[in-house]
Amino acid sequence: MKALSPVGEGLVARAHKVRQVAAEHADDVDRKARFPVEALLALRQERLLGAYVPAAFGGESATISDIAAVCEALARGCSTTGMVYAMHQIQVACIVRHAQGDAFFAQYLREMAERQPLVASATSEAGVGGDTRRSICAVVRQANQITLEKNATVISYGAQADDILATARRTPEAVESDQALVLVRKAEYSLEPTSGWDTLGMRGTCSLGFMLRAASPADHVLSAPFADVSAQTMAPVSHILWASVWLGIATEAVRRARETVRAEAKKKPGSTPASASRLAELVNRIHTMRAAIWDAVHEYERRMATPDELASLAFTVRMNNLKIAASESVVEIVSRALLICGIAGYRYDSKVSVGRQLRDAYSAGVMILNDRLYATNATLLLAVRED
Amino acid sequence: MNESIRAILKEHARLSADVDALADDADLYAAGLTSHATVTVMLALEEAFSLEFPDRMMRRRSFESIAAIRAAIEELKGERVAS
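This structure is a prediction, so every number in the text was calculated from the model and none was measured.

### Focus on the pairing of strand β4 (residues 163-169) of chain A
For a regular strand, the rule is simple: side chains alternate between the two faces of the sheet.
Residues and elements named next belong to chain A.
Here is step 1 of the chain: Counting buried positions along β4 gives seven out of seven residues, so the element sits mostly inside the fold.
Here is step 2 of the chain: Of the two faces of β4, both are covered, the one formed by Asp163, Leu165, Thr167 and Arg169 as well as the one formed by Ile164, Ala166 and Ala168.
Here is step 3 of the chain: Strand direction decides the pairing type here: strand β1 (residues 119-122) and β4, joined by four bridges, are parallel. Paired with Val119 across the strands is Asp163, a residue of β4.

As structure tokens, this is what we get:
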């Protein structure tokens, strides 16, 4: 059960409007590997970017469940749009949960609710082997200013974002794992692309590598240590919202499979087509996937009041497992949907095509490689005693 | 006890700072302790002090300093005596 708040129900209804716009342009976004500008405009019009901001700062106090449901709805129309929205919300959640008490960020939250800037993330860096909990670059402070130079291997929609939340060592003397988050704003940074983004799927996220150079006011550094932000919010919320995007992709593929089976049934009234039993299996799998995701979301929300419970090793293992399981389910479900849709599903020019969904689904296993999460879990499980 | 804890940190914590130079209340994470190394340190502490860290103590805060580790061990030993 979704159990959305009344705010959530309204948000999802608005998300379905954006979904229509996103779906209209999804093939073009995919083919040209271009950013979904139309969908972003619609997200702003529907005021969905700032929905998670607390009402005290002018937002709608949406819950993580609500945002997860929005991600799912958007991804049904366009996977890229769903993923861009998810990644933006992860940054919003980090600020809402860990920076409300900082004067600059309190004002920034108001701005997020009102002007709805799109926020990107710069956590990956050349030389740390994909470990976001280590940084080489450092925040350099001079009086009331800071400077930052980061060789980021990926900044999704970096060129299209308004502001970027970046990780760096807190000071030039700090060890690699002693990190801080810094918000750098459009006028304060330059980006120099260091790689392209010509990929199998999720082509419109424009996740190029960039050399990021920024000079910002010193109060743009979050006072909370990134270690806490990462364990309590960035990692679990990423897994939850990514999984919700994948659920949206899988749901759309199942819808197309269902349409195919129904069309076959209409051709021979009174008989159940052979593909109907394949569809029954498929629906079983998506119900399981949906249940696993919503169970994890509710577990997260239950623990939100106690930060220590969010940062426990057992919960980290659980969230890693959510990501692994959902990323495998989406590929399996879309692949099975393709077999039901048959050649019409394989073609791009049919209304039951699932080609784009299949390519997008394969991104799930490599957004943080599942093998890396299994390796982390293997270590953590040496210390965890109960499930 | 602090000396045994320091010896374990030296061997297992893979800190970038010199363990002997750290104050008892110094932040071990700022000295380079990672969550992976925390697991190794915990297993070594269990072996050395013949105790088990329950899940509720498997938190960042329990291992944030030499003093915090000592407090955790004393709490667990106290529980053992009490039970």
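The discussion continues.
### Considerations on the sheet that holds strand β3 (residues 145-155) of chain A
Residues and elements named next belong to chain A.
Here is step 1 of the chain: Taken together, the four strands give an open sheet; going across it, the order is β2-β3-β7-β6, and neighbouring strands pair in antiparallel fashion. Every other strand in the sheet has two partners, leaving β2 (140-142) and β6 (189-193) as the edge strands with one partner each. With direction set aside, neighbouring strand axes in the sheet form an average angle of 15°.
Here is step 2 of the chain: Note that β3 and strand β7 (residues 208-217) share nine bridges and pair antiparallel. What sits directly across from Asn151, in β7, is Met211.

### A few points about the nonpolar core
Residue and element names in this part refer to chain A.
Here is step 1 of the chain: Val182, Trp246, Ala250, Val334 and Ala337 are the most contacted members of the largest nonpolar core, which totals 150 residues.
Here is step 2 of the chain: For this core, the leading source of residues is helix α6 (residues 226-267), giving 20 residues.
Here is step 3 of the chain: Those residues in contact with Ala250, other than ones at most four positions away along the chain, are Ile286, Met289, Ser329, Val330, Ile333 and Val334.

### Observations concerning the environment of Gly8 of chain A
Here is step 1 of the chain: Turning to its location among the elements, Gly8 of chain A is positioned in helix α1 (residues 6-32).
Here is step 2 of the chain: Contact partners of Gly8 of chain A, with chain neighbours within four places excluded, come to Ala62, Thr63, Ser65, Asp66 and Ala69 of chain A.

### Examining the packing of α1 of chain A against helix α2 (residues 37-45) of chain A
Residues and elements named next belong to chain A.
Here is step 1 of the chain: For the pair α1 and α2, interaxial distance at closest approach is 8 Å and the crossing angle is 170°. Our classification of the angle between α1 and α2 gives roughly antiparallel. Residues Lys17, Val18, Val21, Ala22 and His25 of α1 pack against Glu38, Ala39, Ala42 and Leu43 of α2.
Here is step 2 of the chain: Its residues assigned to classes, the contact of α1 with α2 shows six nonpolar, one polar and two charged.

Cut-offs and rules
All chains use their own residue numbering, which begins from 1 and follows the written sequence. Naming scheme: in the order in which they are written, chains are lettered from A and ligands are numbered from 1. Side-chain atom pairs in this predicted model are given and counted only at pLDDT of 80 or more, local residue features only at pLDDT of at least 70, and totals for whole chains, interfaces and linings cover all residues. Put simply, a residue is buried when 20 or more other C-beta atoms lie within 10 Å of its own C-beta and exposed when 12 or fewer do; between those, it is partly exposed, and each C-beta is set from the backbone. Here a helix means four or more residues in a row that DSSP labels H or I, a strand means two or more in a row labelled E, and each is numbered from the N terminus. At least two DSSP bridges between two strands are required for those strands to pair. Fitting a line to C-alpha atoms yields each axis, with helices limited to the stretch in contact; the angle taken between N-to-C directions then spans 0 to 180 degrees. Joining buried Ala, Val, Leu, Ile, Met, Phe, Trp, Tyr and Cys residues through C-beta atoms within 7 Å gives a set, and that set is a nonpolar core. Any pair of residues counts as being in contact when their C-beta atoms, constructed from backbone geometry, are within 7 Å of one another. An angle counts as roughly parallel when it lies under 35 degrees, as roughly antiparallel when it exceeds 145, as roughly perpendicular when it falls between 65 and 115, and as oblique in every other case. Charged means Asp, Glu, Lys or Arg here, nonpolar means Ala, Val, Leu, Ile, Met, Phe, Trp, Tyr, Cys or Pro, and polar covers whatever is left, Gly included.

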